[in-house]
Amino acid sequence: MLLPELFDKADTAVKVALIAAFTALATSLITVVHSLFGAPLKYWLEKRSLRNKLAIEYEYAQRKNLRELIGRYQGRMLEAAETLSHRLWNLYANQDKGWLDAQGNYENSGYYHSSFVYRFLNLYALARRFESEAILIDSRIADKKDLDFVKFVKAFAWAVCDVALFDKIDYDTKYATDHFFRDRLREICDSCIGEEGFLRHEELRSVLLNTSDFDDVFRYFDGLKRNESRLRWDRLVAVHLLLLAFVNSFGYDMQESTPQQFIDVARQTYNSQVLRNLHSWLPKLGLQQNKSANLIGKAVEAVLN
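This structure is a prediction, so every number in the text was calculated from the model and none was measured. (Residues numbered from 1 in each chain as written. Predicted model: local features only at pLDDT ≥ 70, side-chain atom pairs only at ≥ 80, totals over all residues. Heavy atoms only, no water.)

**Student:** How should I be thinking about unusual backbone geometry in this particular structure?
**Tutor:** Glycine aside, a negative phi is what most residues show, and trans is what most peptide bonds show. The phi dihedral of Gln 103 is positive, around 55°, even though this residue is not glycine. Note on placement: Gln 103 falls in the loop between α2 (12–94) and α3 (111–134). Of note, the phi angle at Lys 168 is positive, near 65°, even though the residue is not glycine. Mapped onto the elements, Lys 168 comes out in the loop between α4 (144–161) and α5 (182–191). Judged by its relative accessible area of 80%, Lys 168 is exposed. (Helix = DSSP H or I, 4+ residues; strand = E, 2+ residues; numbered from the N terminus. Buried < 20%, exposed > 50% of the residue type's maximum accessible area, 1.4 Å probe, protein only.)

What follows is the structure, encoded as structure tokens:
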């Protein structure tokens, strides 16, 4: 006979006794289970809660630190990027006038040549300083827009230093003829920052002219022309396209460049393989999802097709 049937046929006193016995047994079992697992379970839950709290606090602190760092550099880098962009537009229109023909005489190279170097180094010194501070921040958990800022800064360095921009082109990578060695550029950029920030034009000129170690940046712009057999012109065009995308992403509406202006810059390229290489590297630079950087790809396709 089943236990429920026996229970139904039992008298009231027996039922009360059975209920009391079952209750005591259940209480004992609960007490045993709690004593065996209650404390460890409570510890595990509290530990997990603390870990989640610390993770949230860490992410918040890292995002806050990066946002504050970008806030300190964004305005200056936008100004430097726009200034260099304007000079490059000016170069396209006047490159045949010989204003960059310093012929190795950098002490008397003239305003156009020295100011070109100044604009170039202003941007890259700021980028160098930003990167040196951002290295202590975990950018993996940054907001998308802040992370794009970091990616553009890294892309600027890539555009002037990486020989991958010259893939499938006959170029001797052992010599920094039409690119900059990354460590050398860092040294130059570090020398351009004084106690009060980036040096003034006159101060920078004095620093750069007092040592031949910095001649390579003057030399890079010396005699620069579009139709030369070298590749330095095309490297600057790649830099310019990145500048336009950077300003479009972080600047004001009136600073934005149109899709046609991206195409106009891309058309300045002398060796079309450089454009192909730049296009293929945009995903590797992490910029494939950036709306403004996509204008580079569309401009390249418009020029090559």
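Moving on, there is more to tell.
**Student:** Any chance you could explain the packing of aromatic side chains here in plain terms?
**Tutor:** Each aromatic ring pair is specified by the distance between its two centres and by the angle formed by the two planes. Under the definition given, this model contains 21 aromatic pairs. Taking the centre distance of 5.3 Å and the plane angle of 20° together, the rings of Tyr 106 and Phe 218 count as stacked. Here Tyr 106 is found in the loop between α2 and α3, whereas its partner Phe 218 is found in helix α7 (residues 215–221), with 112 residues between them in sequence. As far as burial versus exposure is concerned, Tyr 106 and Phe 218 are alike and both buried. Ring pairs connect the aromatic residues Trp 99, Tyr 112, Phe 116, Phe 120, Tyr 124, Phe 180, Tyr 220 and Phe 221, which therefore count as one cluster. When the ring centre of Tyr 73 is taken as reference, the NZ or CZ atom of Arg 76 above it lies at 4.6 Å. (Phe/Tyr/Trp six-rings, centres within 6.5 Å; stacked < 30°, edge-to-face > 60°. Lys NZ or Arg CZ within 6 Å of the ring centre and 35° of its normal.)

**Student:** Can you help me understand the environment of Lys 225 in this one?
**Tutor:** For Lys 225, the position within the fold is in the loop between α7 and α8 (232–250). Counting along the chain gives 134 residues from Lys 225 to Leu 91, while the straight-line C-alpha distance between them is 8.8 Å. Not counting residues within four places of it along the chain, the set of residues in contact with Lys 225 comprises Gln 95, Asp 101 and Trp 233. A polar atom in the side chain of Lys 225 sits 3.0 Å from the side chain of Asp 101. (Contact = heavy atoms within 4.5 Å. Polar contact = N/O pair within 3.5 Å; in protein donor to acceptor, adjacent residues only side chain to side chain.)

**Student:** Before we go on, may I ask you to explain the pattern of salt bridges in this structure?
**Tutor:** Two side chains carrying opposite charge are able to pair once their charged atoms lie near each other. Taken as a whole, this structure holds 14 salt bridges when the rule is applied. Residue Arg 67 pairs with Asp 146 through a salt bridge whose shortest N-O separation is 2.8 Å. Here Arg 67, found in helix α2, pairs with Asp 146, found in helix α4; they are 79 residues apart in sequence, far enough to count as distant. The class of Asp 146 is buried, set by a relative accessible area of 7%. The salt bridge involving Arg 72 is made with Glu 133; its shortest N-O contact spans 2.6 Å. With Arg 72 in helix α2 and Glu 133 in helix α3, this residue pair connects regions lying 61 residues apart in the sequence. Using a relative accessible area of 46% as the deciding quantity, one classes Arg 72 as partly exposed. (Salt bridge = Lys/Arg side-chain N within 4 Å of Asp/Glu carboxyl O.)

**Student:** I would appreciate a short explanation of the nonpolar core in the present structure.
**Tutor:** Nonpolar side chains in soluble globular proteins generally cluster together in the buried interior. Met 77, Phe 130 and Phe 246 are the most contacted members of the largest nonpolar core, which has 88 residues in total. Apart from the residues lying within four places of it in its own chain, the contact partners of Met 77 are Leu 123, Leu 126, Ala 127, Phe 149, Val 153, Phe 156 and Phe 246. (Core = buried A, V, L, I, M, F, W, Y, C linked by side-chain atoms within 4.5 Å.)

**Student:** In this structure, what is going on with the side chain of Arg 232? I would like to understand it.
**Tutor:** If you trace the backbone, Arg 232 turns up in helix α8. At a separation of 2.8 Å, a polar atom in the side chain of Arg 232 contacts the side chain of Glu 228. Residues contacting Arg 232, with those up to four places away along its chain left out, are Asp 178, Arg 219, Tyr 220, Phe 221, Asp 222, Gly 223 and Leu 224.

**Student:** Whenever I open this one, α8 confuses me. Can you help?
**Tutor:** Helix length check: α8, at 19 residues, gives a terminal C-alpha distance of 27 Å against a target of 27 Å (1.5 Å per residue), a fit within 8%. By the criterion of burial, α8 is predominantly enclosed, with 19 of the 19 residues buried. (Expected span 1.5 Å × (residues − 1).)

**Student:** I keep staring at the packing of α3 against α4 and nothing clicks. Help me out?
**Tutor:** Packed helices, taken two at a time, are described by the angle their axes make and the gap between the axes. Contact pair α3 / α4: the axes reach a minimum separation of 10 Å and the direction vectors enclose 125°. In terms of their interaxial angle, α3 and α4 are classed as oblique. In this structure, α3 meets α4 at a crossing whose hand is left-handed. The residues of α4 that touch α3, namely those facing Phe 120, Leu 123, Tyr 124, Ala 127, Phe 130 and Glu 131, are Phe 149, Val 150, Val 153, Lys 154, Phe 156, Ala 157 and Val 160. Grouping the constituent residues of the contact of α3 with α4 by class yields 11 nonpolar, no polar and 2 charged. (Axes fitted to C-alpha atoms, helices over the stretch in contact; angles between N-to-C directions. Parallel < 35°, antiparallel > 145°, perpendicular 65-115°, else oblique. Left-handed = near helix turned anticlockwise from the far one by under 90°. Nonpolar A, V, L, I, M, F, W, Y, C, P; charged D, E, K, R; others polar.)

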